[in-house]
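Descriptive structure summary
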Amino acid sequence: MTDPTDVPCEICGQSGAYKVQYCVLFGVLVFWYHHITKQHVHCKRHILWRAIAAYLITAPFGWLGLSIFLYPIALFQSARAFTPFMGKSAYILMALPCLAVLAFLGRFWNWY
C-alpha cells in the first residue's frame, strides 16, 4: 500500500487512488486456494468492497486444514488493503483472527 497516486481509479476514474493487492486464502483439509491479485489502482470506495470480500473469505476459512501455515501471512496481506481507512491499526484485523484460531486449537488440544 502506498500513498495516493496521480493515476485515476481503474474502475471509476476518481483521482487520488491507491495501489493495492488483494489476497484470498481458502483451505479444506489438505487442499487450499491461495491467490494474490496483480497490483491494482483503486479509489477508497472500490478498495473497501474488494478488501472486505477478500478478508471475509480468508479470516473464517483460511485456517482450515494444512493452509493453517499460510494463514498468518495471508491475513497480513489481506489486512494491508484496509490501510487507507484504518492506517496502521488495520493490522489488528490480522492479529485478532490468529489469536482466535490459537485459542480454539489450544482448547481443542487441551493446552490450557
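Presented here is a report on the structure given in the accompanying data block. (Residues numbered from 1 in each chain as written. Predicted model: local features only at pLDDT ≥ 70, side-chain atom pairs only at ≥ 80, totals over all residues. Heavy atoms only, no water.)

Here we take up the overall build of the chain. In terms of helices and strands, the chain carries four helices and four strands. Each helix (α) and strand (β) of the chain, taken in turn from the N terminus, gives the series β-β-β-β-α-α-α-α. Oriented by its inertia axes, the alpha-carbon framework of the chain measures out at about 55 × 30 × 15 Å. Every one of the 112 residues in the chain was classed for burial, and the buried ones make up 37%. (Helix = DSSP H or I, 4+ residues; strand = E, 2+ residues; numbered from the N terminus. Buried < 20%, exposed > 50% of the residue type's maximum accessible area, 1.4 Å probe, protein only.)

Tracing the sequence through the fold places Ser78 in helix α2 (residues 71-80). For Ser78, a relative accessible area of 2% translates into the label buried. With near-sequence residues (within four places) excluded, Ser78 lies in contact with Cys23, Ala54, Tyr55 and Thr58. (Contact = heavy atoms within 4.5 Å.)

So, about helix α1 (residues 44-61). Here α1 contains 18 residues, and its C-alpha end-to-end distance of 25 Å stays within 8% of the 26 Å for a straight helix at 1.5 Å per residue. Looking at α1, one finds that the buried residues are His46, Ile47, Ala51, Ala54, Tyr55, Thr58 and Ala59. Buried residues of α1, seen end-on, are gathered within an arc of 160 degrees and therefore sit on one face of the element. Exposed and facing more than 90 degrees away from the buried side of α1 are Arg45, Trp49 and Leu56. The elements touched by buried residues of α1 are β1 (18-20), β2 (23-28), β4 (40-42), α2, α3 (83-86) and α4 (92-108). (Expected span 1.5 Å × (residues − 1). Arc of directions from axis to C-beta.)

What follows covers the pairing of β2. Where β2 lies against strand β3 (residues 31-36), six bridges are found, and the strand directions are antiparallel. Of the residues in β3, the one forming a bridge with Val28 is Phe31. Where β2 folds back onto β3 in an antiparallel hairpin, the turn is made up of two residues, including Leu29, whose phi is positive at roughly 50 degrees. (Pairing = 2+ DSSP bridges.)

Here the focus is the state of the cysteines. Summed over the entire model, instances satisfying the criterion amount to zero disulfides. Note on Cys12: no disulfide assigned, nearest cysteine sulfur contributed by Cys43 at a separation of 3.7 Å. Cysteine Cys98 is unpaired, with the sulfur of Cys23 as its nearest cysteine sulfur at 12 Å. Classification of Cys98 as buried rests on a relative accessible area of 16%. (Disulfide = S-S within 2.5 Å.)

The next thing to look at is the packing of α1 against α2. Two elements in contact, α1 and α2, have axes separated by 10 Å at closest approach and are oriented at 160 degrees. Taken together, the axis directions place α1 and α2 in an arrangement best described as roughly antiparallel. As for how α1 packs across α2, the hand of that crossing is left-handed. Contact residues: Ala54, Tyr55, Thr58 and Ala59 in α1; Tyr71, Ala74, Leu75 and Ser78 in α2. (Axes fitted to C-alpha atoms, helices over the stretch in contact; angles between N-to-C directions. Parallel < 35°, antiparallel > 145°, perpendicular 65-115°, else oblique. Left-handed = near helix turned anticlockwise from the far one by under 90°.)

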